[in-house]
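So the chains spell out like this:
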Amino acid sequence: MEDNQIAEYLTFFRADNIVNDAELLRRNIFKVEKWSVLGQSFGGFCAMNYLSFHSDHLQKVFITGGIPPLDAHPDDIYRATYKSCLLYTSPSPRDKRQS
């Protein structure tokens, strides 16, 4: 694939296109007026996008991650939380698999 083809293909994975696809499914396949969505990680970002553009078609929105920061760049958030996250990713002292 050429670079421009890859770039064009990746546009299908933008939050706005994912929301448009979900709306197409809601209307034409599920045939419901409103539904609920669950967003985890990037899905949380997509759920926020859904709320921005089609809130009248959402009954409930559950977000378990991926809320975009309002007054900071995501890199600033990662820098601020990185060390505390390491506490949860380090092997437990009781883990027998560690060397």
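Preceding block: the structure.
Residues numbered from 1 in each chain as written. Predicted model: local features only at pLDDT ≥ 70, side-chain atom pairs only at ≥ 80, totals over all residues. Heavy atoms only, no water.

(A) View of the overall build of the chain. When its secondary structure is counted, the chain shows four helices and two strands. Walking the chain from its N terminus toward its C terminus, one meets helices and strands in the order α-α-β-α-β-α. Sorting the 99 residues of the chain into buried and exposed places 16% on the buried side. When the accessible surface of the chain is split by element, carbon and sulfur atoms take 59% of a total near 8,300 Å². (Helix = DSSP H or I, 4+ residues; strand = E, 2+ residues; numbered from the N terminus. Buried < 20%, exposed > 50% of the residue type's maximum accessible area, 1.4 Å probe, protein only. Areas by Shrake-Rupley, 256 points an atom, 1.4 Å probe, with all protein chains shown as cover.)

(B) Fine view of the pairing of strand 1 (residues 35-39). Residues Trp 35, Val 37 and Gly 39 of strand 1 are buried on one face, while the alternating residues Ser 36 and Leu 38, pointing to the opposite face, are not. At this point the chain moves from strand 1, through helix 3 (residues 42-54), to the parallel strand 2 (residues 58-63), and the crossover so formed is right-handed. (Right-handed = clockwise from strand over helix to strand, strands pointing away.)

(C) Region of interest: the packing of helix 2 (residues 15-30) against helix 3. At a minimum axis separation of 9 Å, helix 2 and helix 3 run at an interaxial angle of 65 degrees. Relative to helix 3, helix 2 is oriented roughly perpendicular. Viewed along their axes, helix 2 and helix 3 form a crossing whose handedness is right-handed. Contact residues: helix 2 offers Ala 15, Asp 16, Ile 18, Val 19, Asn 20, Ala 22, Glu 23 and Arg 26, while helix 3 offers Phe 42, Phe 45, Cys 46, Asn 49, Tyr 50 and His 54. Across the contact of helix 2 with helix 3, the residue classes tally to eight nonpolar, three polar and three charged. (Axes fitted to C-alpha atoms, helices over the stretch in contact; angles between N-to-C directions. Parallel < 35°, antiparallel > 145°, perpendicular 65-115°, else oblique. Left-handed = near helix turned anticlockwise from the far one by under 90°. Contact = heavy atoms within 4.5 Å. Nonpolar A, V, L, I, M, F, W, Y, C, P; charged D, E, K, R; others polar.)

(D) Spotlight on the pairing of strand 2. As defined by bridge partners, strand 1 adjoins strand 2 across four bridges and the pair is classed as parallel. Bridged to Leu 38 within strand 2 is Phe 62. (Pairing = 2+ DSSP bridges.)

(E) Inspection of the packing of aromatic side chains at higher detail. Tallied over the entire structure, the rule returns four aromatic pairs. Here Tyr 9 and Phe 12 contribute two aromatic rings whose centre-to-centre distance is 6.3 Å and whose plane-to-plane angle is 70 degrees, an arrangement assigned as edge-to-face. Using a relative accessible area of 42% as the deciding quantity, one classes Tyr 9 as partly exposed. Judged by centre distance (5.6 Å) and plane angle (55 degrees), the ring pair of Phe 30 and Trp 35 falls under tilted. (Phe/Tyr/Trp six-rings, centres within 6.5 Å; stacked < 30°, edge-to-face > 60°.)

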